[in-house]
4 protein chains.
Amino acid sequence: MSVPRRLRLGMVGGGDGAFIGSVHRIAARLDDCYELVAASLSSNAERAAASAAGLRLDPARSYAEYRDMARAEAARPDGIDAVAIVTPNYLHAPMATAFLEAGIHVICDKPLAISLAEGVALASLARERGKVFALTHVYAGYPMVRHARAMVAAGEIGEVRLVQVEYPQDWLAEPANQSEEYQRDNWHNDPLRAGPNGCLGDIGSHAYHLAGYVSGMLPNEILAELHAFTPGRRLDDHVQVMLRYANGARGMLWSSQMATGCENGLRLRVYGTKAALSFEQENPNELWLTPQGGSAQRLTRGRVRSAAADAATRVPSGHPEGYLEAFAQLYRDAAARIHASDAAQAVPELTLGMPDVDDGVAGLKFMDAAMESNRQGSRWIRLAE
Amino acid sequence: MSVPRRLRLGMVGGGDGAFIGSVHRIAARLDDCYELVAASLSSNAERAAASAAGLRLDPARSYAEYRDMARAEAARPDGIDAVAIVTPNYLHAPMATAFLEAGIHVICDKPLAISLAEGVALASLARERGKVFALTHVYAGYPMVRHARAMVAAGEIGEVRLVQVEYPQDWLAEPANQSEEYQRDNWHNDPLRAGPNGCLGDIGSHAYHLAGYVSGMLPNEILAELHAFTPGRRLDDHVQVMLRYANGARGMLWSSQMATGCENGLRLRVYGTKAALSFEQENPNELWLTPQGGSAQRLTRGRVRSAAADAATRVPSGHPEGYLEAFAQLYRDAAARIHASDAAQAVPELTLGMPDVDDGVAGLKFMDAAMESNRQGSRWIRLAE
Amino acid sequence: MSVPRRLRLGMVGGGDGAFIGSVHRIAARLDDCYELVAASLSSNAERAAASAAGLRLDPARSYAEYRDMARAEAARPDGIDAVAIVTPNYLHAPMATAFLEAGIHVICDKPLAISLAEGVALASLARERGKVFALTHVYAGYPMVRHARAMVAAGEIGEVRLVQVEYPQDWLAEPANQSEEYQRDNWHNDPLRAGPNGCLGDIGSHAYHLAGYVSGMLPNEILAELHAFTPGRRLDDHVQVMLRYANGARGMLWSSQMATGCENGLRLRVYGTKAALSFEQENPNELWLTPQGGSAQRLTRGRVRSAAADAATRVPSGHPEGYLEAFAQLYRDAAARIHASDAAQAVPELTLGMPDVDDGVAGLKFMDAAMESNRQGSRWIRLAE
Amino acid sequence: MSVPRRLRLGMVGGGDGAFIGSVHRIAARLDDCYELVAASLSSNAERAAASAAGLRLDPARSYAEYRDMARAEAARPDGIDAVAIVTPNYLHAPMATAFLEAGIHVICDKPLAISLAEGVALASLARERGKVFALTHVYAGYPMVRHARAMVAAGEIGEVRLVQVEYPQDWLAEPANQSEEYQRDNWHNDPLRAGPNGCLGDIGSHAYHLAGYVSGMLPNEILAELHAFTPGRRLDDHVQVMLRYANGARGMLWSSQMATGCENGLRLRVYGTKAALSFEQENPNELWLTPQGGSAQRLTRGRVRSAAADAATRVPSGHPEGYLEAFAQLYRDAAARIHASDAAQAVPELTLGMPDVDDGVAGLKFMDAAMESNRQGSRWIRLAE
């Protein structure tokens, strides 16, 4: 079996000290499918160059401006195959647009965009250009999440009746982050850079994606309350949502960045007519399955037999994998899709779990509806078709 | 130190096979504060007599009719000091009324009544007659719940910002309980006997009580969706509520009897500005305390120093106590109050944690508001003063 | 169905402030099978009388001397049916002897005796007199322990290959209990009252019993190291044992009263050729079953179907039972046996799980062998037949 | 700050399908400190070449024979800086010797060698040549293990009194691995390739290393029983050891490959005079700290402040890291040491936690003593100086 070549990867954003840029780079490297060869690591030229040196990049391929990068790389015979976009939210859509238009595949941090219109346009463009568009809803890269999704799809828990998803964090409750200064200066509280919402888009969107990813259903109506606990805060830091699904199922979603003492507490529970599933992001190597009236079973990565999970795993059961491996999985999926796309082949089946631009649009519809419901005093709102 | 006499206890309801009657009897016996001497165990005279024999009761003090029992016992020099009411919901208020009017202290299963008006009248009567009225919101009897309440009251978690409470069970999702027959015949689905709601009153009321008990706050506005998943069901089997508190705090309450695979999953999380608390009823000997930004601590019954918890415990740390001990605690509290009341003394401080008729009224206000919100399509509703 | 009369119970030991006496009394009361009517609560006459008053006992049936009590109660037409012995270890055997000789059934705290010879004699006497002799190895009263035992007996885990049992506590590591004074004055460190060992008999014997109770096997060879960490300590406070079984199985037993931070950490794991079981005393409502190569299952009391567990349970799944209920179970078993014995009927099958005098003898053989192995520098020692 | 160049890495062993080879490659890649440029992936030339192609290696640098590789690479100006040795046990020492003699740094899978003499010689050689020698006791790469080690070293748990370590797996209990054929053909049961022991060296050595790594102490006397459950098995599959330390501390070590249902259950508990620590490899992002008499605290990676842990971590708290990151940490440590060594600088302080050739020798002394104790019928044996 011949091994496919390493893809040439570019990166926009992710200069020194940017947490998520470093995560993307480890993820790209982990399965040896990519080589980072070009970047626009910062809009500040000096910082971009210094960061590029720290990554041992060819200075000629370190760009201060992403439009230059798209143009120059598209023109090179050894130009990048794909770009990773890891900038503040408001730049995602324009950047992705530029690279798609240059014929370059895109791996984009979520949220897809800061407005639904922008997101819809981007989805059209991606489809039109036939390029791969991965959206890093990282929690979809966990093997046990994939197994849960496969179990629901195979009818193993029966018809879904209830969805309970929550995503509490505590970082905005830190005294330092409660200050007036912080609220004024941090881009997470700046509507121009973060977009029109805070916690909702930061982590509520992850919770919403995970619930849909595993349950295989999106709600058709939601009701929301957005709230900001912190004085001087312009964007929400706390989100409560109720969900109604077409089949009569019900659900609740809660995300908060003010949940004292919580680290990264994403948790999903899906209750079907036959069994229930429970997954906690902080213990990602296990998935709990409880049949109606029966005993909870702790399914573990590597031990439970599952094509979906096996394709997303690297080491045997009992050897924990984590967040970086989940992230790497999205990169690995994207690589397989890019090779297939470039060879005009069908999308490989085991990469169907890769979140893409359509997931991004679905998330924006949810955020729009949640904001609208909140504006109307928590009325039930139908999600856009 | 002289030991107070055993109180003479009567019981209404709780004949052979009634789960909760047996629980009340064990609870009354456990701390040796009561002696069961009279009962009206069933409205069916034969069944009442047989059940009484099974409990080794004097046949002369086994009554077929609770009004007779109230009258006869009140007239005896050795008549009962207190009555335990463990019948279907619709009988709680009329029975409690009869015994209070006969000058007998009352220990009543929840809910207090099937309408707010009825409950308010009962509260007035109890106050007027100066009798002890214990309402068995049993989860308030757990030592670690009492410790949580004491910590919040002492400001140890700061100001409360978030309350998350849930109470999922799966018993109505059992195939046998999904049948048409079951829905027709079981009193839990009969508005005449259960009252105007199902899951809301059965367990939602426990969740609401626990949240208020620990947080020390009741919401001033709520928004609810009640739902029945089962065809042919007349009462709700699933409840979702959002909560707003006067101090700006937010909350969510979820209770369901359709939550596949859940046994008795009452869980409360309270997030304050300084720390968070988490309690799960199925592991009642522990309480989790997590300071903002810090490490979770597993506080354990018997090990954590706490007057409130110590007064509600019997065996050292590491020797688990459970549901029956929590129930017994309410009986023990009630006994201490009854002795004090009969001696015209003040309410003993360590019994202040005993849920009473006012908790019952607060619960009925919550249920009323939840039903009203649901009728209006999940609008925010102010709770009655 | 007619209900058996309450048995008349006497108690020796257990005066004011004695933890275990109070536990026995609650246990006796919980299932309403006994009535405490006579006692010798202390060898100090004044303290005995005061304690008796605190328990509302008839002063005429409060005895200062246990031999008087045995004689007087045996002579009364309404004399006690059974006696609970809850004194320091060295008194167990002489007291049990006196009551057996008076024709009174015995419920005795463990250890059975302070020497194997004494224990063997007691077992002969009990057999000869045909009296019920319950030994309160309380952990055998937990429903999930009974279920584990039944599973092993039914071959559900295959042949047992490994037994791992441990029982760490931390109370002797408390600074106050590390003092010279404590070591001098506390009866747990006095060979005359505690017997020739410390931790070994206190809790090692519980661990050994539990392992045999569930696995259905006793070792035929053991190797031990006993140790005392505390200066001035005359008895062991730390025990390490290796076990070999006739079928080739291996095992380890560890008990310590110096295990910093441990409350009452009795834990048993049994590995068979088909599956493994794991039980932790601090979470007694669950039992973990893991098939070879498969997923762990959390079996819960009330939910797992099991005659053995059901007979030892009172409330439904999700409503935790604890230590007092386990203790009560031994009393309930003993009551059923006593009624059967007095009626010359066979031992009721569901009481076969009650630990008795033979368990006590087996425990003494283990302790003897462990002390002998230790004396010989941790040599393998065959257990006495 | 200038970034050090990527080190050129060679690999011996780890051809297609070899689990541990793939792990080493991911580990080497994860932090971008190495580039794999040469290999002898199999002693079978064809398989070596095919595996090399699968890794996109230059065919000219794929070797069939490790001695050729050592010689050729040492001669190249762009020859490898370090070699990873991932072959069956009996080859570790001769291979490491060859590369050290060629002046190449070594990263070697454990065990160091198959005899103590061989290991001691290797340690001398490494010291003499002044080369970095990393031994992949991977569990020492976990941040919370490093934090535990740092806490003990800083006296935060007081003086260590007890060490309990266990490492159960179930893979040899798999029916397929119980067959005669398997026992005959698998190298893990071949003394010529695996060395003179089985479970003891495979995983017992990891358990022993972890206990010493965290506690900061090695025992001076041990007592062991080795056992093989499987008919036809030539090497042990089950190990039980007791430990005595110079300061009077006691300990137990248990490792088994016959522990039904266990995945990779390495667990360490260390009890000091002030507090206890507990770590489970399957949940490596947390470490439990329990003060004497107090409440257990769940310390988490990224949240607990610790230079040792921080230096071994990549993503924030709540974003789980796992086995591959722990492995990568050893590679990262080795890289820092290699750069320092090549620049004739001191060993960087934060790499002091990297297990090296001396850890390998200590492990071999333990294995020797355990085999000797077992031969003598489980006598106490002093460890070699």
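Chain A has the name Gfo/Idh/MocA family oxidoreductase in an unreviewed UniProt entry, where Duganella aceris is given as its organism.

Novice: Describe the overall build of chain A, listing the residues and the values that go with them.
Specialist: The secondary structure content of chain A amounts to 12 helices and 14 strands. Its C-alpha radius of gyration of 21 Å places chain A within 12% of the 21 Å reference for a compact globule of 385 residues. Projecting the C-alpha coordinates of chain A onto the three principal axes gives extents of approximately 65 × 55 × 40 Å. Sorting the 385 residues of chain A into buried and exposed places 65% on the buried side. Partitioning the intrachain contacts of chain A with sequence separation of at least 6 by distance along the chain shows that 68% fall at a separation of at least 24. Carbon and sulfur atoms form 52% of the exposed surface of chain A, whose accessible area is close to 12,900 Å². For chain A, the distance from the average position of its 38 positive side-chain charges to the average position of its 45 negative side-chain charges is 4 Å.

Novice: Provide a residue-level description of the sheet that holds strand β3 (residues 82–85) of chain C, including the pertinent values.
Specialist: All names here are of chain C. With parallel pairing, 5 strands are arranged side by side in an open sheet as β2-β1-β3-β4-β5. One side of each edge strand has no neighbouring strand; the edge strands of this open sheet are β2 (34–40) and β5 (133–135). Ignoring strand direction, the axes of neighbouring strands in this sheet form an average angle of 20°. As paired strands, β3 and strand β4 (residues 105–108) are joined by 4 bridges and run parallel to one another. Note on β4: the bridge partner recorded for A84 is I107.

Novice: Lay out the relation of the copies chain C and chain B in plain terms, naming residues and giving numbers.
Specialist: Superposing chain C onto chain B requires a rotation of 180° together with a translation of 0.0 Å along the rotation axis, leaving an RMSD of 0.0 Å. The two molecules are tied by a two-fold rotation axis, judged by turn and shift. Both copies present the same face, since 100% of the interface residues in chain C are matched by interface residues at the equivalent positions in chain B.

Novice: Can you break down the UniProt feature "domain: Gfo/Idh/MocA-like oxidoreductase N-terminal" (unreviewed entry) in chain A residue by residue, with the values?
Specialist: Feature annotation in UniProt places "domain: Gfo/Idh/MocA-like oxidoreductase N-terminal" (unreviewed entry) on residues 8–136 of chain A, given in this structure's numbering. Helix and strand shares over residues 8–136 of chain A are 43% and 18% respectively, and the end C-alpha atoms of the span are 18 Å apart.

Novice: Got a sec to walk through the interface of chain A and chain B? Specific residues and values, please.
Specialist: On the side of chain B, 46 residues touch chain A, which itself brings 47 residues to the contact. Contact between chain A and chain B buries roughly 3,600 Å² in total, counting both sides, with carbon and sulfur atoms accounting for 53%. When the buried area of chain A at its contact with chain B is split by residue, R161, T260 and Q292 of chain A rank highest and sum to 19% of it. Counting across the interface, chain A meets chain B through 6 salt bridges. In this structure, E225 of chain B engages R250 of chain A in a salt bridge whose closest nitrogen and oxygen atoms are separated by 3.0 Å.

Novice: Can you explain the domain arrangement of chain A? Please cite residues and give values.
Specialist: Residue and element names in this part refer to chain A. Once the domains are mapped, chain A shows domain 1 (7–139 + 329–354) and domain 2 (143–315 + 361–382). Relative to domain 2, the C-alpha centre of domain 1 lies at a distance of 25 Å. Contact with domain 1, which involves 27 residues of that partner, is made by 31 residues of domain 2. Of the roughly 2,200 Å² buried at the junction of domain 1 and domain 2 (both faces included), carbon and sulfur atoms supply 60%. When the area that domain 1 buries against domain 2 is broken down by residue, the three leading residues are L116, H137 and Y139, summing to 34%. The tally of links between domain 1 and domain 2 comes to 2 salt bridges. Looking at the side of domain 1 that touches domain 2, the elements that each hand over two or more residues are α5 (116–129) and α11 (323–342). Looking at side-chain class alone, the side of domain 1 that touches domain 2 contains 16 nonpolar, 7 polar and 4 charged residues.

Novice: Report on the pairing of strand β8 (residues 238–244) of chain C, specifying residues and quantitative values.
Specialist: Residue and element names in this part refer to chain C. The buried fraction of β8 amounts to 7 of the 7 residues, a majority that puts the element mostly inside the structure. The alternating pattern of β8 places H238, Q240, M242 and R244 on one face and V239, V241 and L243 on the opposite face, and all of these are buried. Relative to β8, strand β7 (residues 221–227) runs antiparallel, the two sharing 7 bridges. Bridge pairing in β8 links E221 to R244. With 7 bridges joining them, β8 and strand β9 (residues 250–256) adopt antiparallel strand pairing. Considered in β9, the bridge of V239 is made with S255. Between β8 and β9, which follow one another and run antiparallel, lie 5 residues, and G248 among them has a positive phi close to 95°.

Novice: Any details on unusual backbone geometry? Residues and values, ideally.
Specialist: If a residue is not glycine, its phi is most likely negative; likewise, a peptide bond is most likely trans. The step from K110 of chain B to P111 of chain B runs through a cis peptide bond, and the omega angle for that step is 0°. With respect to the element layout, P111 of chain B can be found in the loop between β4 (105–108) and α5 (116–129). Of note in this structure, A344 of chain B is not a glycine but carries a positive phi near 55°. Considering the arrangement of structural elements, one finds A344 of chain B in the loop between α11 (323–342) and α12 (357–375). Even without a glycine there, the phi angle at R56 of chain C is positive, about 60°. Turning to its location among the elements, R56 of chain C is positioned in the loop between α2 (45–54) and α3 (66–75). Look at R56 of chain C and you get partly exposed, because its relative accessible area is 28%.

What counts as what
- Along every chain, residues carry numbers that run from 1 in the direction the sequence is written.
- Note on labels: chains are lettered from A, ligands numbered from 1, in written order.
- Reporting in this predicted model follows two pLDDT cut-offs: at least 70 for local features of residues, and 80 or more for side-chain atom pairs to be given and counted; totals over whole chains, interfaces and linings ignore these cut-offs and use all residues.
- With hydrogens and water excluded, all non-hydrogen atoms of the structure serve as input to the side-chain values.
- For helices the rule is a DSSP run of H or I covering at least 4 residues; for strands it is a run of E covering at least 2, with both sets numbered from the N terminus onward.
- For the radius of gyration, the atoms used are the C-alpha atoms, and the globule rule reads 2.2 Å times the number of residues raised to 0.38.
- Each residue is placed in one exposure class: buried if its accessible area under a 1.4 Å probe, protein chains only, is under 20% of its type's maximum, exposed if it is over 50%, and partly exposed if it falls in between.
- Whether two residues are in contact is decided by their heavy atoms, any of which lying within 4.5 Å being enough.
- Computed by Shrake-Rupley with a 1.4 Å probe, the accessible areas treat only the displayed protein chains as cover when residues are assessed.
- Neither His nor the chain termini are counted; the positive set is Lys and Arg, and the negative set is Asp and Glu.
- Lysine's charge is taken at NZ, arginine's at CZ, aspartate's at CG and glutamate's at CD.
- DSSP calls a pair of strands paired once it identifies at least 2 bridges connecting them.
- Axis geometry follows a simple rule: fit a line to the C-alpha atoms, using only the stretch in contact for helices, then measure angles between N-to-C directions, giving values from 0 to 180 degrees.
- Our superposition of the copies is a least-squares fit, built on the C-alpha atoms of residues whose pLDDT is at least 70 in both.
- UniProt positions are given in the numbering used here, feature names are shortened, and annotations may be inferred rather than shown by experiment.
- We define buried area as the total accessible area lost by two parts upon association, computed with a 1.4 Å probe and summed across both.
- Think of a salt bridge as a Lys or Arg side-chain nitrogen and an Asp or Glu carboxyl oxygen that are within 4 Å of each other.
- The start and end points of each domain follow an automatic or database-based domain assignment.
- Residues are sorted three ways: Asp, Glu, Lys and Arg are charged, Ala, Val, Leu, Ile, Met, Phe, Trp, Tyr, Cys and Pro are nonpolar, and all the rest, Gly among them, are polar.

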